[in-house]
Amino acid sequence: MTSKNTSTRLLLALWDLGGTQQEIKKGQLTKRIVAKSQKVADYQGIFEELQKQGAIAISKKGYSLTSGKGLEVLGEGLRSGDFKFEGTIVGTWAANALLRWISQIDVAVVGADVPVNGKSALAKLSEGIASYDEFKSVALEVYDKLNQNYNLDDLVPIYRIRREIGDQITREDFNEWLLEMQKNDIVQLIGGEMTDITPDKAEDSITTKLSGLRYYAKRLSFAN
């Protein structure tokens, strides 16, 4: 079992199952990727490595694919000259997933990258986020990208924004600066209900002093 090929196949399956939009149950994913001659335990190292890379998020119930790093790693794997399906039979799901990926590749990988001062704010993530103004640019770009790509009706889950930005900012700065954006009437942080809420998603949301836990961000129409 080639580690890189297996990682790519795992990410492809997770993407095809809708892992960028919701958490996929463990059994649902392993049913696709684990062959009869294999065990789920054989994939433990692969899951851990992908989680370490920031490509997937793992909870007690299942897995989700990060729409930023996860899609980037998947795209790189599929474009690799070394990628291939092992064995003599390729599952129908894999063939159909590849066709769907090819038809949606521009949306899935590029999304709504908008240049900021000649360079996309998302493209600057590798440099880290060191100021409120930089965070504001990145957060709004991530918001617009997620809102457009996944038809979120202007209510973007805060946990998805946090995971998209990843470890380029501390949790404390993310919380402080997102609350600052609300204070400046750039976004509104909204509570309500989240039907697929899990403890890790709640933890990656945000708590306000007056209103408690907020799950969604809504960009105000008059925000710059």
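Asker: Tell me about the sheet that holds strand β2 (residues 56-58), residues and numbers included.
Answerer: In space, the three strands of this open sheet follow the order β1-β3-β2, with antiparallel pairing throughout. Looking at which strands have only one partner, the edges of the open sheet turn out to be β1 (24-25) and β2. By the bridge criterion, two bridges tie β1 to strand β3 (residues 62-65) in an arrangement that is antiparallel. Directly across from Lys25, in β3, lies its bridge partner Gly62.

Asker: Can you explain the environment of Gly75? Please cite residues and give values.
Answerer: Position of Gly75 among the secondary structure elements: in helix α4 (residues 69-79). As a C-alpha pair, Gly75 and Leu12 span 63 residues in sequence and 9.2 Å in three-dimensional space.

Asker: Any details on the packing of helix α7 (residues 158-165) against helix α8 (residues 171-183)? Residues and values, ideally.
Answerer: A pair of packed helices is characterised by two quantities: the angle between their axes and the separation of those axes. At a closest axis distance of 12 Å, the pairing of α7 and α8 adopts a crossing angle of 130°. Considered as vectors, α7 and α8 are oriented oblique to each other. In the crossing of α7 with α8, the sense of the turn from one axis to the other is right-handed. Contacts between α7 and α8 involve Ile158, Ile161, Arg162 and Ile165 from the first element and Arg171, Phe174, Asn175 and Leu178 from the second. Looking at the contact of α7 with α8 residue by residue, the classes come out as five nonpolar, one polar and two charged.

Asker: Which residues make up the pairing of strand β10 (residues 216-219), and what values go with them?
Answerer: Looking at chain direction, strand β6 (residues 156-157) and β10 are connected through two bridges and run antiparallel. Of the residues in β10, the one forming a bridge with Val156 is Ala217. Inspection of the sheet shows strand β7 (residues 187-190) paired to β10 by four bridges, in the antiparallel sense. Bridge pairing links Leu189 to Ala217 in β10.

Definitions and limits used
- Within every chain, residues take consecutive numbers counted from 1 along the sequence as written.
- Selection of residues for local features in this predicted model requires a pLDDT of at least 70, selection of side-chain atom pairs for listing and counting requires 80 or more, and totals for whole chains, interfaces and linings are taken over all residues.
- In computing side-chain properties, one takes all heavy atoms of the structure into account and sets aside hydrogens as well as water.
- In this analysis, strands are considered paired if DSSP registers two or more bridges between them.
- Secondary structure elements follow DSSP: runs of H or I no shorter than four residues count as helices, runs of E no shorter than two count as strands, and numbering proceeds from the N terminus.
- Only C-alpha atoms enter the line fits that serve as axes; for helices the fit covers just the stretch in contact. Angles between N-to-C directions range over 0 to 180 degrees.
- Should an angle fall under 35 degrees it is taken as roughly parallel, and over 145 as roughly antiparallel, whereas 65 to 115 is taken as roughly perpendicular and any remaining angle as oblique.
- By definition, turning the near helix anticlockwise from the far helix through less than a right angle yields a left-handed crossing, and turning it clockwise yields a right-handed one.
- Pairs of residues are marked as contacts when any of their non-hydrogen atoms sit within 4.5 Å.
- In this classification, the charged set is Asp, Glu, Lys and Arg, the nonpolar set is Ala, Val, Leu, Ile, Met, Phe, Trp, Tyr, Cys and Pro, and all remaining amino acids, among them Gly, are polar.

Everything listed is a geometric property; what it means functionally is a separate question.
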